Structures are given as C-alpha cells and as structure tokens.
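# Examining the three-dimensional arrangement
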Amino acid sequence: MTDASWTERAVVLVLMAASLALSWWRFRKVLYTIRGSRPTPDFAVTPAGPRIRQFLWEVMAQGKVIWQRPLPGLAHAFVFWGFCAFALVTCNHLASAFGAGFLSPASGFGRFYFGFVAVWALAVAISIAGLFVRRFFVRPVWLGEVSAESGVIAFLIFALMATYLAGLWFPDVTVAGRAMWWAHTLALLIFLPLIPHTKHLHLALSPLTVFLRRQGFSRIPPLAGDEDFGLDTGKDVTRIDALQAFTCVECGRCTEHCPAYNTGKVLNPKEIVLGLRGYLREFGPASEAPLLGQHISEEAAFQCTTCGGCEFQCPVGIQHLPMIVGLRRGAVNTGKWEDEYGTKLFLNLERNGNALGFAASERQKFIEKNALAIYDGTQEYCLWLGCMGSYDPQGREIVLALARVLRHRNITFGVLRKEKCTGDPARRLGNDLAFSQVAEANIETLRAAKVGKLVSICPHCVRTIGTDWREFGASFEIEHHSELLARLDPPAGPASPPVETVVFHDPCYLGRYRNVYDQPRAVIARSAEIVEPPRARERSFCCGAGGGQMFLGEEKGKRVNVTRAEELVATGATVIGTACPFCQTMFRDALGVVTQAPPKLLDIAQIAAASLPPDSV
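Being a predicted model, the structure only gives us computed values, none of them experimental.

This part covers the overall build of the chain. Regarding its fold elements, the chain presents 26 helices and eight strands. Overall size of the chain, expressed as C-alpha extent along the three principal axes, is 95 × 55 × 45 Å. Looking at the chain residue by residue over its 617 residues, the buried ones come to 56%. Pairs at least 24 residues apart make up 77% of the contacts formed inside the chain by residues separated by at least 6 positions. Surface summary for the chain: the accessible area is close to 26100 Å², and the carbon and sulfur share equals 61%. If the 62 positive side-chain charges of the chain are averaged to one point and the 55 negative ones to another, these points end up 4 Å apart.

Below you can see the structure in the form of structure tokens.
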C-alpha cells in the first residue's frame, strides 16, 4: 500500500508500537529470568567451529528436524524457511505504508522476489495446515495436551500466507487489495505478541540455544566449588538451564523415545523441562524453594536410564540429561534422597570399590585362574575389566572371549592388579562424593602403572573414563572392544560353523554417546547374517540398566528390559548380539519372561571367538 493516508499511517504506527511493546513486555520477563540465573560452570563459546557447524546443520538446514521425523519435520522446515524468505517482504510491507517500500513489482528483482516468496507462502500454508491436522486431529500421544493457543498461532500463520498470496492478485489501489494489506498487517501484529507467551518462543530462542548448548553429548558439567551441590533450588539453575527450559517447543520427541515413559513410568522428559520452566515463572531464578516437588517429580527424576534418546532427538538443542542428573545431584548431595537400594550401592562403592558388593579378592582369583597377564607397561593394551568383567559370571565370559581373540591375533594386553568401579552409577545417580573417591583412586592407579591405551568391554566404563574423569585432570586413551575388533582383519583358516542370524542391540552408551554403530556390526557380519530390530542405531531402545537403574530394585510399570527383549525375540533371529555386559545381564533376566525357548545371548567378542579355529588358545 503505497498511497496510505495520514490517518492510515497513524493507525499502523500505533498498532506497530502496541504490538512491539506487548511483545517486549512479555519477552523481557523471560530475558530477565535467564540473565538472572547463575553463570554456567565450565562454559566457553570457543572453539566456535563446532558451534557454527551445528548451527548451520540444525537451525539453517533443519537437519535434525527432518532426519529424525521426516514428514512433520519437513513441514516444520518449510515453515522455518518460508519465514526466512518472508523477512524481506515483511519489512517492505510495513515500510510501504510510509512510502518507504524498497521492493517493487516493476523492478526485475522485485518481480522475482515476490514470485519466489509466493512459492514459499504456498509451501508454508500447506505445511501449517498439515501440522494443524496432525496436532488437533491425529494427536500422537506424546504431544500431550494441545493448547488452544497453538491453534490460534497456526491460524495466524495460515492467514499471513493466504493474505499475501491473495494480495498478489489485487492492486493496492483496489478495495480488495487494501483489505488484503490490512488483513496481512493485523495478522502479523497479532502474531508477534503471542510468540513470547507460547511455545512458539522457540522461534526466537532456539537458534541461540542450539549455538550455546554445552559441547559434548550429555556431558555433565562440573560443580562450581564446595557450595555447589547440583540443582537443588532456584538459585542453582544456570543460564543454560533456563534458556533451554524456555526454548522447549513441546513437540514430544523426547517423550516418544523415552524408555521410562514408554513402559508406564512417571518420567516424561518433556515434563521435566516444562516443570523447570513453570518453576522459574512462579518463583524466579534466585528462589530458595526446592526444585523437586510442586513442578518436578523426584520419582520421575530418578527413573531416568540416561539413555540419551531425549537429548539426541530434541530439535531445539535442549540437553535433558545434564538437567536430570543435576536434579539428582541436588537431592543426593544434600541428603534429601532416601532409597535403600541407592544407599546399598553407595556403600558397596565405598567399602568394596565395586557396584556389585564383592570382595576385591574375587577379582584376583578370576585373574589368576585364567592366567590373565598383569599390565606392566610393555603390552599394547591395558584391558579394563570393570565391575561386570571382574565379578559377573557372564561378564567374565565376555572378557575371556575377548582375550582369546587378542591372543590369537598376537595382540599383547594386561590387566591391572587393582581396579575399582569407574563410578558410572554414582555419577549418573548424582553422588559426586562417591564418584570422586573411586575415580581419583583409579586415576592414581593408572598413572602409577603408566598405562597407555585402554580397551574395555563396557561402554559405560569407556564413557566415564574417557569423558567424566577429565574433571579430575585425567586424559586416558580408551576405546570399546568393538572398535578394536572391527579393525582386525577377518581370521584366516577354517572356522567353527557360523551363527545363522544375529539381531544386534545397540547399547545407548556405545551408540548415541559414542556414535559407534558400524563397528560391532562389522564384527558380527564376518560370521553371521545381521537382522535389524525395529528400533536400531540412534533410535535403539534402552535395555533399562543405565543411570544406576540396574541397582535400584524392581521397576514400576512394565520392565524396560522385557519390552526390548520382546522386540529382539520377535525378529526371529537365533542369536541376540550385545556389546555391553549390562545389556546382556538385563536381557538374560528378561528372556525367561518373554519366551520358553529364548535365542542365544552373545556378546560380539563371543561371536568373534566362536569363529576362531578350534585349536586357538
């Protein structure tokens, strides 16, 4: 509208001022809450390269949105890209009322750009209509309650696109043209103040959240001094936590992939994030009120298996696990969490140095009985046994199978004389004192032994040693046995009859945490046919052991390991392949419940050892 009257200009100016003022009034509350939270410990923007790459992939390219949920993801991506294309047109639209329009259909670029945006307007209109139908009529269960405001926002977006397209057909000087101009303007100015008040706040915050999130998958931040006990009260909430809480788009992807939620537990990772948001809105960031209680359930926080499915799936950069572990820290480190199984676990770590409660002499007997060499600094690898490899009968079988393969390939290795639990269950349950005690003792032992490269059968040990111990200045080189075995050439000579079909279960701490998917499959493929379960690779369903859950007694609802075992058995494979001793233990317990004739349960090391010549030592 290039010929607006002074009255029309005054009305537009007043409406713009009102819209922007209301938007700022609502947004400033969020901004002040985020800025009022405490600084995030151990946070640095540098190195910026990885942040820029993840910003370009996840925000600009909408890579994660599309890749993990293609149809609705593509619809969301069209809406985002359409809004990016509309930015220039929107500025021109408002400027034209004051005679300052800079795009003209008469110019070559203007004619091209208006047509270019028209294509996007059509794509956005179709996409937002599809998303509206999905949210209000299809209504996937993980979306939860659907707010009426979502419908209003969808209508306004559709109206913006429809009025733009209609306006292209009518000249500004006509009544219809002016009507479309005003309808478009009103839809835009009503839309803006709604953004800070709804889940659509992610339009403004998610690019920042993706760029500023903590580096590293599910990395637990260090405590900031002796007075930091984790997320206990509002004053403990960091700026990153607050920013992520207000960014949640409530899409339910985290809920859809949460093993606790899918087996009838109280936990819903989306509600943890929204609970923190609700707390901050009610009490503010400096409150002394406890975080666990009215807005966030303590029971829910301690049902998490730390599988990482929620964080991996989140399209707006929210890191659920540091938040959940932070809440556990706040409860455990302040003595507020009371659980007999948790107490027993912590006492086992303190008294025996392992999560299973066995005497250290049992580990020594196993080493001597099977003639495992002691690491003396000359061997290629130090084989880290871990609690399961040291004390669990099935875990010991995995260790011996791996030892057989390594000896056959003339790879030298040795084990430590003394070894304590890495502290993984204590770390994930939030007991920083128990974790630090065993971690520091192990670090001293490894340094004294001058250990070079480590290999372990346990992904949890690999993660804790390779990542969590860095908090204490450790930087040991460690890998999972699947990575080592995959590098070895296939064995030569006659082999035992191959296993017919193997369905491989991706351990959470090997897959999502370490991005190791192909290596264990490569090991299995040398002697068997691989069958994939419905949920595999990055979408793998947890076995239920992680996050200390293996030691916390009977679950509520259906057991996670039973749900996963049913999926694996349903594939018809003759063998269930694992690459984690925790997974193997959980499935061994579940298979007796699932079927009367369970398939074999073998670790990839056992599968590799079975293909060796019979006379191999």
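Let's shift gears to the packing of aromatic side chains. Under the counting rule described, the total for this entry stands at 25 aromatic pairs. On the numbers, 6.4 Å between centres and 85° between planes, the contact of Phe-55 with Phe-211 is edge-to-face. Separated by 156 residues along the polypeptide, Phe-55 in helix α2 (residues 48–60) and Phe-211 in helix α8 (residues 202–212) bring together distant segments of the chain. On the accessibility criterion, Phe-211 (22% relative accessible area) is partly exposed. Ring centres 5.6 Å apart and planes at 10° place the aromatic pair Phe-358 and Tyr-391 in the stacked group. Taken together, the positions of Phe-358 in the loop between α15 (340–352) and α16 (360–369) and Tyr-391 in helix α17 (residues 386–391) put the pair 33 residues apart, joining distant regions of the chain. Residue Phe-358 is classed as partly exposed on the basis of its relative accessible area of 37%. Cluster of aromatic residues (ring-pair linked, three or more members): Phe-78, Trp-81, Phe-109, Phe-112, Tyr-113, Phe-116 and Trp-120.

A word on the environment of Ala-449. Inspection of the secondary structure puts Ala-449 in the loop between α20 (432–448) and β3 (453–456). Expressed as a C-alpha distance, the spacing of Ala-449 and Asp-376, which sit 73 residues apart in the sequence, is 6.8 Å. Residues contacting Ala-449, with those up to four places away along its chain left out, are Tyr-375 and Leu-416.

Moving on to the environment of Ser-96. By secondary structure assignment, the location of Ser-96 is in helix α4 (residues 70–96). Ser-96 gets classed as buried once you look at its relative accessible area, which sits at 8%. Residues Ser-96 and Ala-4, 92 residues apart in the sequence, show an inter-C-alpha distance of 8.5 Å. Looking at Ser-96, its side chain comes within polar contact range of the main-chain oxygen of His-93, at 2.6 Å.

Moving on to the pattern of salt bridges. Scanning the model with the defined rule gives 27 salt bridges in all. Residue Lys-336 is joined to Asp-232 by a salt bridge in which the shortest nitrogen-to-oxygen separation is 2.8 Å. On the criterion of sequence distance, the pair formed by Lys-336 in the loop between α14 (320–332) and α15 and Asp-232 in the loop between α8 and α9 (239–247) is long-range, its members being 104 residues apart. Glu-362 serves as the salt-bridge partner of Lys-365, at 3.5 Å between the closest nitrogen and oxygen. Of this pair, Lys-365 and Glu-362 both sit in helix α16, three residues apart, which is roughly one turn of that helix. Linked through salt bridges whose partners overlap, the residues forming this network are Arg-329, Asp-424, Arg-427, Arg-428, Asp-432, Asp-468 and Glu-471.

Rules of the game
Residues numbered from 1 in each chain as written. Predicted model: local features only at pLDDT ≥ 70, side-chain atom pairs only at ≥ 80, totals over all residues. Heavy atoms only, no water. Helix = DSSP H or I, 4+ residues; strand = E, 2+ residues; numbered from the N terminus. Buried < 20%, exposed > 50% of the residue type's maximum accessible area, 1.4 Å probe, protein only. Contact = heavy atoms within 4.5 Å. Areas by Shrake-Rupley, 256 points an atom, 1.4 Å probe, with all protein chains shown as cover. Lys, Arg positive; Asp, Glu negative; His and termini not counted. Charge placed at Lys NZ, Arg CZ, Asp CG, Glu CD. Phe/Tyr/Trp six-rings, centres within 6.5 Å; stacked < 30°, edge-to-face > 60°. Polar contact = N/O pair within 3.5 Å; in protein donor to acceptor, adjacent residues only side chain to side chain. Salt bridge = Lys/Arg side-chain N within 4 Å of Asp/Glu carboxyl O.

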